[in-house]
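Here's the letter readout for the chains.
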Amino acid sequence: MIDYGPFWATLKASKAESTYTLIHKHHLSSSLLDRLRKNKPLSTTTVNDLCRILNCGVSDIMRYTPNDSDQPL
């Protein structure tokens, strides 16, 4: 399971960015933030944009945690 908990910690630690600036300055949608809250899938382009905005690495946005409810391969 992909978990976006690190994103929220990175955003909180940021002195320049907030959910407000992500929506109004960077034109990210509130539905995107909702997808992050609910650990829904994001495109790699979106992850790239978040890394650029927050000046961080992918591991500061998301982490993988094995989960029994993941779909079988």
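Note: the structure precedes this text.
Residues numbered from 1 in each chain as written. Predicted model: local features only at pLDDT ≥ 70, side-chain atom pairs only at ≥ 80, totals over all residues. Heavy atoms only, no water.

A. The arrangement of the environment of Ser14 in detail. With respect to the element layout, Ser14 can be found in the loop between α1 (5-13) and α2 (19-24). We classify Ser14 as partly exposed; its relative accessible area is 23%. Considering only alpha carbons, one finds Ser14 and Leu54, 40 residues apart in sequence, at a separation of 7.3 Å. Among the polar contacts listed, one links the side chain of Ser14 to the backbone nitrogen of Ala16, at a separation of 3.2 Å. (Helix = DSSP H or I, 4+ residues; strand = E, 2+ residues; numbered from the N terminus. Buried < 20%, exposed > 50% of the residue type's maximum accessible area, 1.4 Å probe, protein only. Polar contact = N/O pair within 3.5 Å; in protein donor to acceptor, adjacent residues only side chain to side chain.)

B. Fine view of the nonpolar core. Counting residues in each nonpolar core, the largest one holds 16 residues, and the members touching the most others are Phe7, Leu22, Leu36, Leu42, Leu50, Leu54 and Ile61. Broken down by secondary-structure element, the contributors of at least two residues to this core are α1, α3 (30-37) and α4 (44-54). If you tally residues by element for this core, the top one is α4, at 5 residues. With residues near it in sequence (within four places) discarded, Phe7 still touches Leu22, Leu33, Leu36, Leu50, Leu54, Asp60 and Ile61. (Core = buried A, V, L, I, M, F, W, Y, C linked by side-chain atoms within 4.5 Å. Contact = heavy atoms within 4.5 Å.)

C. Fine view of the state of the cysteines. One pass over the structure, following the stated rule, counts 0 disulfides. Counting only cysteine sulfurs, Cys56 is the nearest neighbor of Cys51, a cysteine outside any disulfide, at a range of 4.5 Å. The class of Cys56 is buried, set by a relative accessible area of 18%. (Disulfide = S-S within 2.5 Å.)

D. Region of interest: the packing of aromatic side chains. For the coordinates displayed, the defined rule picks out 1 aromatic pair. An angle of 75 degrees between the planes, with centres 4.8 Å apart, marks the rings of Phe7 and Trp8 as edge-to-face. Of the residues examined, Phe7 reaches a relative accessible area of 0% and is grouped as buried. (Phe/Tyr/Trp six-rings, centres within 6.5 Å; stacked < 30°, edge-to-face > 60°.)

E. Layout of unusual backbone geometry. Despite not being glycine, His27 has its phi angle at roughly 60 degrees, a positive value. By the element assignment, His27 lies in the loop between α2 and α3. Positive phi values are uncommon outside glycine, yet Asn55 reaches one of about 50 degrees. Along the chain, Asn55 turns up in the loop between α4 and β2 (63-64). We classify Asn55 as exposed; its relative accessible area is 71%.

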